[in-house]
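# Inside the fold
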Amino acid sequence: MALRPVQVNIKALDDSAVGRFWAEALGWSVFRPGVTTYVGPVGSFVWPDPVAVCIDVVPVPEPKTTTKNRVHLDLATTSAAHQAELVARLKALGATPAHVGQGEVPWTVLADPEGNEFCVLEPREIYRDTGPIAAVVVDCADPRAMARFWGEAMDWALHEVTDDHATLRSARSVGPYLEFLRTAGGKTVPDRVHLDLLPDPGDDKAAEVARLRALGATDLDLGQGDVPWTCLVDPEGHEFCVLARS
């Protein structure tokens, strides 16, 4: 049994506008499979994408608070010129500089048109083959504990773990990394950005959810009612969903 992250879920007042921004930012396409705006690699709509962790922008009535998101995207670049060009292009698309206490760093911190923070990284060899999204980054108190939970929850391989940082990636060495960074402060508002996981073909979703609960996940009631996905939180309170295969 196994799960893999298939999309990053972003809540937005205007899902169409935020979806268009992320499609332009990543060089991807916008698809509308239902009531959300789905952003994935260019081509015919395929779900789940065999390699990429895509973006699903979901409309909600509440705006983002000023609290920094606990989950954000890091974008990859191939050279200093590419980094500068991408930052300029993103600003032209509506991104704004964001200040999250980063100080003097070689990467650039921006926010999308609704204030969701993300980073444009300087060139790094480790991200040379990830695609436009280098990593999905999660703030946490204990990267080692998060590596244990998420390493057991998913079929991704653990690449590095220290007291301050843990990194996982698909066992096939494709797509972005999932990274956990030690960060001061815990959860104070509902997550604006979270991961959606999907069982492998033939695996039973209910059995996977039960396995996650045994690992330390707990159920989350958002008033979602009778839906085909299951909402959970990990041991540090990060929200995520287990989707059903259509």
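This section reports on the structure supplied with the text.

Parameters and conventions
- Residues numbered from 1 in each chain as written.
- Predicted model: local features only at pLDDT ≥ 70, side-chain atom pairs only at ≥ 80, totals over all residues.
- Heavy atoms only, no water.
- Pairing = 2+ DSSP bridges.
- Helix = DSSP H or I, 4+ residues; strand = E, 2+ residues; numbered from the N terminus.
- Contact = heavy atoms within 4.5 Å.
- Axes fitted to C-alpha atoms, helices over the stretch in contact; angles between N-to-C directions.
- Expected span 1.5 Å × (residues − 1).
- Buried < 20%, exposed > 50% of the residue type's maximum accessible area, 1.4 Å probe, protein only.
- Arc of directions from axis to C-beta.
- Polar contact = N/O pair within 3.5 Å; in protein donor to acceptor, adjacent residues only side chain to side chain.
- Disulfide = S-S within 2.5 Å.

## A look at the sheet that holds strand β9 (residues 133-140)
Read across the sheet, eight strands follow the order β6-β7-β8-β5-β9-β12-β11-β10 without closing on themselves; strand pairing throughout is mixed. The open sheet is flanked by β6 (96-97) and β10 (156-161), the only strands paired with a single partner. Where β10 and strand β11 (residues 165-170) come together, five bridges link them in antiparallel fashion. Its bridge partner lying in β11, W156 is registered against S170. Running at roughly 30 degrees to strand β5 (residues 71-75), helix α1 (residues 15-26) makes contact with β5, β8 (117-120) and β9 of the sheet.

## Points about helix α2 (residues 80-93)
Under the 1.5 Å per step criterion, the end-to-end length of α2 is 20 Å for 14 residues, consistent within 8% with the ideal 20 Å. Among the residues making up α2, those that are buried are Q83, L86, V87 and L90. Projection of α2 onto a plane perpendicular to its axis shows the buried side chains occupying an angular sector of 100 degrees, all on one side. Exposed side of α2, more than 90 degrees from the buried face: A81 and A92 are the residues found there. Where the residues of α2 are buried, they touch α1, β5, β7 (108-111) and β8. With its phi angle positive at about 120 degrees, G94 sits one or two positions after the end of α2.

## Observations regarding helix α3 (residues 143-153)
Inspection of α3 places P143, M146, A147, F149, W150 and A153 among the buried residues, and these make up the whole buried set. The N-terminus of α3 is capped by D142, whose side-chain oxygen sits 3.2 Å from the backbone nitrogen of R144.

## Notes on the state of the cysteines
Taken as a whole and assessed by the stated rule, the structure comprises zero disulfides. Not engaged in a disulfide, the cysteine C231 finds its nearest cysteine sulfur in C241; these two sulfurs lie 3.7 Å apart. Residue classification places C231 among the buried residues on the basis of a relative accessible area of 5%.

## Some points on the environment of F149
Here F149 is to be found in helix α3. Take F149: its relative accessible area is 4%, and that puts it in the buried class. With 67 residues separating them in the primary sequence, F149 and G216 have C-alpha atoms 7.5 Å apart. Those residues within four positions of F149 in sequence are excluded, and the remaining contacts are L212, L215, G216, A217, D234, P235 and F240.

Distances and angles like these do not, on their own, reveal function.
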